[in-house]
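What the coordinates show
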Amino acid sequence: NQKEATKDDKLLSICKLLEEHITYYNWVGFYFKNGDKNELKLGPYVGDPTDHVIIPFGKGICGQVAVSNENFVVADVAAQDNYIACSITVKAEIVIPIFVNGENIGQIDIDSNTPDPFTEEDERFLEFVCAQVATLL
Ligand code: SME
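The notes below deal with the structure included here. Predicted, not measured: the structure shown is a model, and the values here were computed from it. (Residues numbered from 1 in each chain as written. Predicted model: local features only at pLDDT ≥ 70, side-chain atom pairs only at ≥ 80, totals over all residues. Heavy atoms only, no water.)

Quick word on the nonpolar core
Membership of the largest hydrophobic core comes to 23 residues, with the highest contact counts inside it found for Leu18, Tyr25, Phe30, Ile98, Ile108 and Ile110. Here Ile110 is in contact with Tyr25, Trp27, Val28, Ala92, Glu93, Ile94, Phe118 and Leu126, once residues within four sequence places are set aside. In this structure, Tyr31, Leu40, Val77 and Val90 belong to the second largest nonpolar core, which totals 15 residues. (Core = buried A, V, L, I, M, F, W, Y, C linked by side-chain atoms within 4.5 Å. Buried < 20%, exposed > 50% of the residue type's maximum accessible area, 1.4 Å probe, protein only. Contact = heavy atoms within 4.5 Å.)

Below you can see the structure in the form of structure tokens.
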């Protein structure tokens with residue numbers, strides 16, 4: 001419907017802005033909880049297409065954040081055993097949950113081709129972005 005389309009346009013614009021303006025943000029996308037299933041579903045994103053449209057809770061970095069409700073900053077993806085590779089160029093990843101009324105409803109997921117690029121500044125900034133996103137869902 002129209003409202004969903006507008007919401008997705010806004011989310012895609014956010015992905016584009018982040019990917020264009022922050023050099024070490026190379027893939028930027030949203031995953032959302034898929035109805036009442038125990039899985040995440042890919043939302044708007046910018047970057048290489050991924051096969052991982054559905055991610056079960058607990059699987060990969062994204063699936064772990066779906067159950068932990070906490071930020072997950074991965075300095076070196078090669079050092080993670082519960083990791084789902086989307087592209088061989090990716091060196092690092094950050095996932096920040098999105099809360100609506102205290103409930104973890106999804107997340108922003110960012111991959112970087114630069115090793116260990118994410119700082120606490122990225123976490124604070126992306127928490128702010130997620131809080132803004134929560135208001136438009
Ligand atoms: N690397 C993620 C999967 C999603 S892709 O990065 C787009 C993970 O381990 O959950």
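After that view of the structure, there is still more to cover.
Notes on the packing of aromatic side chains
In this structure the tally under the stated criterion is five aromatic pairs. Ring geometry for Tyr24 versus Tyr25: centroids 5.2 Å apart, planes at 85°, classification edge-to-face. Here Tyr24 falls in the partly exposed class, since its relative accessible area comes to 24%. Here the aromatic rings of Phe30 and Phe32 are separated by 6.1 Å at their centres, their planes lie at 10°, and the arrangement is stacked. Its relative accessible area of 0% is what places Phe30 among the buried residues. On the basis of relative accessibility, which here comes to 16%, the residue Phe32 falls in the buried class. One aromatic cluster is present, built from ring pairs that chain together Tyr24, Tyr25 and Phe118. (Phe/Tyr/Trp six-rings, centres within 6.5 Å; stacked < 30°, edge-to-face > 60°.)

Focus: the pairing of strand S5 (residues 92-100)
Side chains on a regular strand alternate between the two faces of the sheet. S5 sits mainly inside the fold: seven of its nine residues count as buried. Bridge count for strand S4 (residues 72-74) against S5 is three bridges, and the pairing is antiparallel. By the bridge assignment, Val74 is partnered in S5 with Glu93. In the sheet, S5 pairs with strand S6 (residues 103-112) via nine bridges, with the strands oriented antiparallel. Bridging from a neighbouring strand, Phe99 pairs with Asn104 of S6. (Helix = DSSP H or I, 4+ residues; strand = E, 2+ residues; numbered from the N terminus. Pairing = 2+ DSSP bridges.)

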